[in-house]
Amino acid sequence: MSTTTSSISLLHTVLTWWQRPAPALPARQAVWPVTLRRGQLYRLAAMPGQCLQASGGDLWVTFDGDPAEHVVEAGQTWQVPIDRPLLVQALSDARMIQC
């Protein structure tokens, strides 16, 4: 299976999951770095201006109740724009670090 096909399949899985009621994952303060396995979800209490970096893998990020989605690829950084809990899923084995 090609990387593109695998990524599309994983994205379909994520979107299908997103349409179901969300599990009760408590938002928490991270202990940095956060290591995530492919497919693992992490709910994070983040603050505006906080900077996250994907290290060694890709992350899918969204806010509770917000249809906007963001993909942070390995080596990229992303700045939290609003004060709402984040839902992060590893699209591959990854580490999330605060930058």
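Every chain is numbered on its own, with residues counted from 1 as its sequence reads. It should be noted that, the model being predicted, local features are given only for residues of pLDDT at least 70 and side-chain atom pairs only at 80 or more, the latter also being counted only at that level, while totals for whole chains, interfaces and linings use all residues. Water and hydrogen atoms play no part in the side-chain values, which are based on all heavy atoms of the structure.

### Brief notes about the packing of aromatic side chains
Aromatic ring pairs: the centre-centre distance and the angle between the two ring planes describe each pair. The criterion, for reference: Pairing of aromatic side chains here covers Phe, Tyr and the six-membered ring of Trp, requires ring centres within 6.5 Å, and sorts the geometry by plane angle: under 30 degrees stacked, over 60 edge-to-face, intermediate tilted. What counts as a helix is a DSSP run of H or I of at least four residues, what counts as a strand is a run of E of at least two, and both are numbered from the N terminus. Three exposure classes are used, based on accessible area relative to the maximum for each residue type with a 1.4 Å probe and protein chains only: buried under 20%, partly exposed in between, and exposed over 50%.
Applying the stated criterion to the full structure yields one aromatic pair. Where phenylalanine 63 meets tryptophan 78, the ring centres are 5.9 Å apart and the plane angle is 45°; that geometry is what we call tilted. Residue phenylalanine 63 is found in strand β4 (residues 59-63), and its partner tryptophan 78 is found in strand β6 (residues 77-79); the two are separated by 15 residues along the sequence. In this pair, the class of phenylalanine 63 matches that of tryptophan 78, namely buried.

### Observations regarding the state of the cysteines
Going by this rule: Throughout, a disulfide means two cysteine sulfur atoms within 2.5 Å of one another.
Counted by the stated rule, this structure contains one disulfide. A sulfur-sulfur distance of 1.9 Å marks the disulfide that ties cysteine 51 to cysteine 99. In this structure, the disulfide formed by cysteine 51 and cysteine 99 twists by about -75° around the S-S bond and is classed as left-handed. Linking cysteine 51 in strand β3 (residues 51-55) with cysteine 99 in the segment after β8 (94-98), this pair joins segments that are 48 residues apart in sequence. Looking at cysteine 51, the relative accessible area reads 19%, which means it is buried. Cysteine 99 sits in the partly exposed class, given a relative accessible area of 47%.

### Side note on the pairing of strand β5 (residues 69-72)
In summary, the side chains of a regular strand alternate between the two faces of the sheet. Operational definition: Should DSSP find at least two bridges between two strands, the strands are taken to pair.
Where β4 lies against β5, four bridges are found, and the strand directions are antiparallel. Within β5, the position partnered with valine 61 by the bridge is histidine 70. Counted along the chain from β4 to the antiparallel partner β5, the turn is five residues long, and its residue glycine 65 has a positive phi close to 75°.

### A few points about the pattern of salt bridges
Inclusion rule: For salt bridges, the criterion is a side-chain nitrogen of Lys or Arg within 4 Å of an Asp or Glu carboxyl oxygen.
All chains considered together, the criterion is met by one salt bridge. Arginine 37 is the salt-bridge partner of aspartate 93, the closest N and O atoms lying 3.2 Å from each other. Here aspartate 93, found in the loop between β7 (86-90) and β8, pairs with arginine 37, found in the loop between β1 (34-36) and β2 (41-44); they are 56 residues apart in sequence, far enough to count as distant.

### Quick word on the sheet that holds β2
Stated formally: Only C-alpha atoms enter the line fits that serve as axes; for helices the fit covers just the stretch in contact. Angles between N-to-C directions range over 0 to 180 degrees.
Across the sheet, four strands lie side by side as β2-β7-β4-β5; this open sheet has antiparallel pairing. Strands at the two margins of the open sheet, each flanked by one partner only, are β2 and β5. Taken pair by pair, the neighbouring strands of this sheet meet at an average axis angle of 25°, ignoring direction.

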